[in-house]
Amino acid sequence: MDTAFDPRGFDPRTEDSVPSVMPDDATATGADVAVEAAETRLTASAVRELLAALGGSIGDEDELVVLLQRAVEIANDAIEGADSIGVTIDLAGQTYTAVHTDSRTLRVDIEQYDAGDGPCLHAARTGETVVVDAETSAERWPRFAAAAKDEGIKSFLAAPLFTPDQRLGSFNLYGRASAAFDRVDADVMEILTTTVSRAIGDFSRFKSAKAVADALQRALETRAPIEQAKGMLMAIHRIDADTAFHMLRKQSQTTNTRLRDVAAEIVETYSAPPTAV
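Rules behind the numbers
Residues numbered from 1 in each chain as written. Predicted model: local features only at pLDDT ≥ 70, side-chain atom pairs only at ≥ 80, totals over all residues. Heavy atoms only, no water. Pairing = 2+ DSSP bridges. Helix = DSSP H or I, 4+ residues; strand = E, 2+ residues; numbered from the N terminus. Contact = heavy atoms within 4.5 Å. Axes fitted to C-alpha atoms, helices over the stretch in contact; angles between N-to-C directions. Salt bridge = Lys/Arg side-chain N within 4 Å of Asp/Glu carboxyl O. Buried < 20%, exposed > 50% of the residue type's maximum accessible area, 1.4 Å probe, protein only. Core = buried A, V, L, I, M, F, W, Y, C linked by side-chain atoms within 4.5 Å.

1. Here we look at the sheet that holds strand E1 (residues 18-19)
With respect to topology, six strands assemble into an open sheet ordered E1-E3-E2-E6-E5-E4, the strand pairing being mixed. Either end of the sheet is taken by a strand with one partner, and the two such strands are E1 and strand E4 (130-133). Summarising the sheet, E4 and strand E5 (residues 155-162) pair through four bridges and their orientation is antiparallel. In the sheet register, Val130 faces E5, and the bridge partner there is Ala158. Together, strand E2 (84-91), strand E3 (94-100), E5 and strand E6 (167-175) form the strand contacts of helix H4 (residues 104-115), whose direction differs from that of E3 by roughly 170°.

2. Description of the pattern of salt bridges
What the rule picks out here adds up to 11 salt bridges. A salt bridge links Arg183 to Asp187, with the nearest nitrogen and oxygen atoms 3.3 Å apart. On the criterion of helical spacing, the pair formed by Arg183 and Asp187 is a turn pair, its members being four residues apart in helix H7 (residues 183-203). Overall, Asp187 belongs to the partly exposed group, its relative accessible area being 24%. Linked by salt bridges that have partners in common, Arg13, Glu111, Asp114 and Arg143 make up one network.

3. Describing the nonpolar core
In terms of nonpolar packing, the biggest core is built from 41 residues, with Leu68, Phe171, Leu173 and Met189 touching the most fellow members. Where this core is concerned, the elements lending two or more residues are helix H3 (61-78), E2, E3, E5, E6, H7 and helix H8 (209-221). By residue number, the principal contributor to this core is H3, which donates nine residues. The contact partners of Leu68, leaving out residues within four places of it in the chain, are Val87, Ala98, Val99, Val196, Ile200 and Leu216. Counting 16 residues, the second largest nonpolar core, distinct from the first, contains Val130, Val132, Phe144 and Ala158.

Structural data, given as structure tokens:
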């Protein structure tokens, strides 16, 4: 495997994909709720708990990115066989990777996007959860199987993201062990993707599919100021990343200002040279 290869720098469908780095306490709580709900049933209280662990309702596309990051980390904590995870958006003729855990996933994603088919796109377009062994999928999805083999991926689970009105994409788990995923893992993913899809559905209720896809892509492209502002707040106030984001979000809601604009203002303020006395 060519470990020096970074697909984000070579393909517009993956270059803006953001890594999923969220606080351990939040993801552990969400993982517990997801597993418990899968073992029983998705009650209204479980939805509320899981949605809270994901960050609550979505106010704009920047908060949608954060929700997807949290969901990826919750899946990572909840499903032991998931060595890598990614989220594919396949909406209004646009296909791209929004969130990933490591670059291992991105090359496999690119091969599926180039071929126009593969387990992640099949899940996204049919609404069916796909659990496959990479080696036995070569006849059906040869480019996916070859890329998976090159990256040391032997197992794959793709769970669809969809609302009653739109098919949004898929949540993709990559395992380096054979038969890494079972029915229980698929049930956990169904609980998680159902909750995520409901949140996205509320966000996109009065938007067209193209507007949602464009907004999310734009949020990924302009992510830098938010990460910079979070870093500045963490250093100044000696707080963790989650608390810093909540500060940004609170100011955004209080002032009715877009999250990225709040972040840009903070970056500009703290980057400005001190006023001469």
